[in-house]
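# Analysis of the macromolecular model
The lines below spell out each chain.
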Amino acid sequence: MENGRAQFPFPYQPYDIQEQFMQALYSALDQGKVGIFESPTGTGKSLSLICGALSWLSDHEERRRQEAAALLQEGEAALSTCTSQPSASSSSSEPDWITDFVQKKAERDLVSKLKEEELKRKKREERLEMIRNNVQLKYAMKRKSSEDDEALKLLQLSKEEQPETRGDQEDEELIVAEYESDDESKTRSRFCAAEEDTDDDLVEEHVTKIYYCSRTHSQLAQFVHEVQKSPFSKDISVVTLGSRQNLCVNEEVRRLGSIQRINDRCMEMQKNKHEKHHDEEGVKRKRGPAKTVCPFNKASALQQMRDDLLGTVQDIEQLLKLGRETHSCPYYATRLAIPPAQLVVLPYQMLLHEATRRAAGVQLKGQVVIIDEAHNLSDTLSCIHSAELTGAQLCRTHSQLSQYADRYKSRLKAKNLMYIKQILFVIEGLVRVLGGKVGQNPQSQTTTQTGTEMLTINNFLFKAQIDNINLFKLQRYFEKSMISRKLGGFVEKYAGSGVSLHVQSGSNKENRRTEGLNRYLQTLQSNQGAATVSPADQQGSSEAEKVLSASPMMQVEGFFMALTNSNTDGRVVVLRQGTLSESSVKFLLLNPAVHFAQVLKECRAVIIAGGTMQPVSDFKQELLFSAGVGEERITEFSCGHVIPPENILPLVLCSGPSGQELDFTFQNRDSPRMMDETGRILSNICNVVPGGVVCFFPSYEYSRRIISHWEASGALTRLANKKKIFQEPKKANQVEQVLSEFSRCIQRCAADSSSTLTGALLFSVVGGKMSEGINFSDDLGRCVVMVGMPYPNIKSPELQEKMSYLDKHLPHAGGRSPGQALIENLCMKAVNQSIGRAIRHRGDYSSMVLCDRRYARPATLSKLPTWIKDRTSTHASFGPAFAALRKFFLEKKQKQL
């Protein structure tokens, strides 16, 4: 079969649409296309992706092996036949024997390169085979590692006897290393290059692989479980990547809680590992053993763990368990496993953000990338590359960095001081734009002009008077000097001991000697005055402590980096509010294609998959065409659902039971008539729908208003007589609790036929916590009601800027501007996400009621997923729609009897 495969290994007999999905995926990968794949949730999309992509990978490897073998044979044959005939290129100035020698050398080089690659591949395969089969070896390694640990503990005990070192060694890890910019470092880097790759055994070339990324760690874990169930689980080497916060097994470091502090401590331990002379000093610290080396980060243990995780498919939980058992670090072991792995599973941020990608060791050249749950890919890219800073953060960073420079000015080299001064200068400019001054309390500084201002990057730099600063050089300085980490360590160490929000004068050696005494006196004073402190003051001081415990320098670095984008691709939003601390500057990325272009250019093929990818046209325009991808490289695949068509009943309601036209535009939706009519519709629905009903409102504000109206009118009580009422919680950590109570109530009602309640009604918000990633399968969601159309806030300056950017840079289609299309597409994407929650597997059934006459417009209907659109019926009056709903559930009830 050309660019295809007749059969795919699958754990069970696949549905027809899964077969089609895998065929389309296989040919897209084979032809190096950019594929947009839509497969509704509940159709086994993950398994189709796994089996289709891994089938292609194994065939591709086999083809490469055969090609290499044929080339090798050819090369050896050419070498063995000693061609003594004169060369045809005798017209050239070179003598024949030289031309012949050069040709022979090229052939010899090719043969030896092919032999080398073949040898490497065989070694790799033998090693994996050994890992998978040889359990004895594992036990021997485990025993050896536990003996090593004993020896390490004894060594540490003996080192603790050594005296404490003092003086100039103090704070060594907080000082920025000597910095060279631009060309100065080039000559040196040539000589240092060889020294850097000391761990030679651990450096490997990257094999052809598939990078699979999704939004959340739970989605990634789910995908890994599907790989474990697939026929490929025994032969594929998989690695799951995560942050240090997710993968660290060192309890002392994990306890630090915040991701920034975990990263800082881990990096510090890494540094100690490489600086042998520090290890020999065994320095004691006041703040825990800062000079310790992480016991989980040993080369032999990391290699052993790398081999283990390549041998068997493991999710993050299993990786952590393995790390604790083998006493090795899953974070670094997974990074070592990237080159030889065939499938790398990672979160969005790690793949879509270039700096993070580089740091993780992810190389995309010639590889395959699958981006799942990609319906919001454009927004995700914009969010990852946007940055925001408040006035409070800017003032805090300025104060901390000033104190850092002041404390260590005698130990910092001139180049470092110059760059630190530049950073301080830029921060001052940003604070000035917000209408404040550094060095004063941002909470007490009021801004004279309030409001929002939208600026291009260049205009913003002029306004802040920082256009003369080379931000690219500053960005490089941040990366190389790791100043953000150093400052974080400095603030953490000295928080509450002389390092404050506001600059303190004179922190020279003299002052440092008396610092302890001053601190002691301060505590005495604060204890004496404790009785008179008001609760508000206490709250303020605890806030300040929280503020001091971390440095916002990382966020400042992110904002500086955002300002290096092209002037047309982004905007800076300056928001001035009552006080300086509440005011903020925000960078807004308007053209996500610039950051996606690199992924598209480097990869062999990119697959963008999701449950609801409609509408695809804007997606292609904004992310693919703008990134320079030609129409011929794009392939699209969309499949129906596995459920029988009669298992869904989508209805568009244009009017309610009393004949009131349903028009939830901003002007009409607050009228009492509209709210009462919505209550009557819901009441009728609850009378005929068994189990759970989920009702989505366009916003939190509207849901609050309509529910309080129903409370006053008695409509809510009438609803509560039929269904127990639940509301989406404001806090994310309460979602699980509400869902389990909602579920239990429905189960109880189903079991107890004498109950007056027939189930439960859940009020939710589009784009809220319940509209994505949560499944209302079976009785949990027998009917989904959509009240109005969830258009985004058109008055938002960010959205207006995005619309005018699209109008300017994208072609107009179908008589509508790209900006208008964006608004409609955002609305319909949100609708599709919400109504798609109801059907989760082949035997499931549900109804979907869209309450608004605007849903009846052909252009709007066309943006629904095909499997819903084909079954949707529009009703001008309520009677026939209600009859259809009652009939639908009566038929389902009779089938079950």
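### Some details on the pattern of salt bridges
One pass over the structure, following the stated rule, counts 23 salt bridges. Here E226 and K229 are joined by a salt bridge, their closest N and O atoms 3.5 Å apart. One end of the pair, E226, and the other, K229, are both in helix α6 (residues 217-229), three residues apart, so they sit about a helical turn from each other. The exposure class of K229 is exposed, given its relative accessible area of 54%. Measuring nitrogen to oxygen at the nearest pair gives 3.6 Å for the salt bridge that ties E824 to K863. In this pair, E824 is assigned in helix α32 (residues 818-835) and K863 in the loop between α33 (858-861) and α34 (866-869), connecting sequence segments 39 residues apart. Judged by its relative accessible area of 9%, K863 falls in the buried class. Three or more residues are tied together by salt bridges with common partners; here these are D670, E701, R704 and R705.

### Regarding the sheet that holds strand β9 (residues 584-589)
The pairing of strands in a sheet happens through backbone hydrogen bonds and is either parallel or antiparallel. With antiparallel pairing, the four strands of this open sheet are ordered in space as β6-β9-β8-β7. Each edge of the open sheet carries a strand with a single partner, namely β6 (387-390) and β7 (451-456). The mean inter-strand angle of the sheet, taken between neighbouring strand axes irrespective of direction, is 15°. Two strands pair when backbone bridges link them, and strand β8 (residues 570-576) and β9 are joined in this way by six bridges, in the antiparallel orientation. Considered in β9, the bridge of V573 is made with K586. Across the sheet, helix α31 (residues 797-809) is in contact with β7, β8 and β9; its angle to β7 comes to roughly 30°.

### Here we look at the sheet that holds strand β15 (residues 759-765)
Across the sheet, seven strands lie side by side as β14-β15-β13-β16-β17-β12-β18; this open sheet has parallel pairing. With one partner strand each, in any of the chains shown, β14 (723-727) and β18 (873-875) form the two edges of the open sheet. Across the sheet, the mean angle from the axis of one strand to that of its neighbour is 20°, orientation sign disregarded. Sheet topology places β14 next to β15; five bridges connect them, and they run parallel. The residue of β15 that forms the bridge with Q727 is F763. Most of the contacts of helix α29 (residues 715-722) go to β14, to which it runs at about 115°, and overall it touches β14 and β15. On top of the sheet, α32 reaches β13 (691-697), β16 (783-787) and β17 (846-851); it is set at about 160° to β16, its chief contact.

Reading guide: rules and limits
Residue numbering note: each chain is counted from 1, following its sequence as written. With pLDDT at 70 or above as the cut-off, local features in this predicted model cover only qualifying residues; side-chain atom pairs require 80 or more to be listed or tallied, and sums for whole chains, interfaces and linings still use all residues. Note: side-chain values were computed over all heavy atoms of the structure, leaving out hydrogens and water. A side-chain nitrogen of Lys or Arg and a carboxyl oxygen of Asp or Glu constitute a salt bridge if their distance falls within 4 Å. The helix and strand labels rest on DSSP assignments: H or I over at least four residues marks a helix, E over at least two residues marks a strand, and numbering proceeds from the N terminus. Any residue under 20% of the maximum accessible area for its type is buried, any over 50% is exposed, and the rest in between are partly exposed; the area is computed with a 1.4 Å probe on protein chains only. Strands are treated as partners if at least two bridges between them are detected by DSSP. Lines are fitted to the C-alpha atoms to define the axes, a helix being fitted only along its stretch in contact, and any angle between axes, read from their N-to-C directions, falls within 0 to 180 degrees. The contact definition used throughout considers only heavy atoms, calling two residues in contact when any of these lie within 4.5 Å.

Geometric descriptors of this kind do not, in isolation, establish any biological role.
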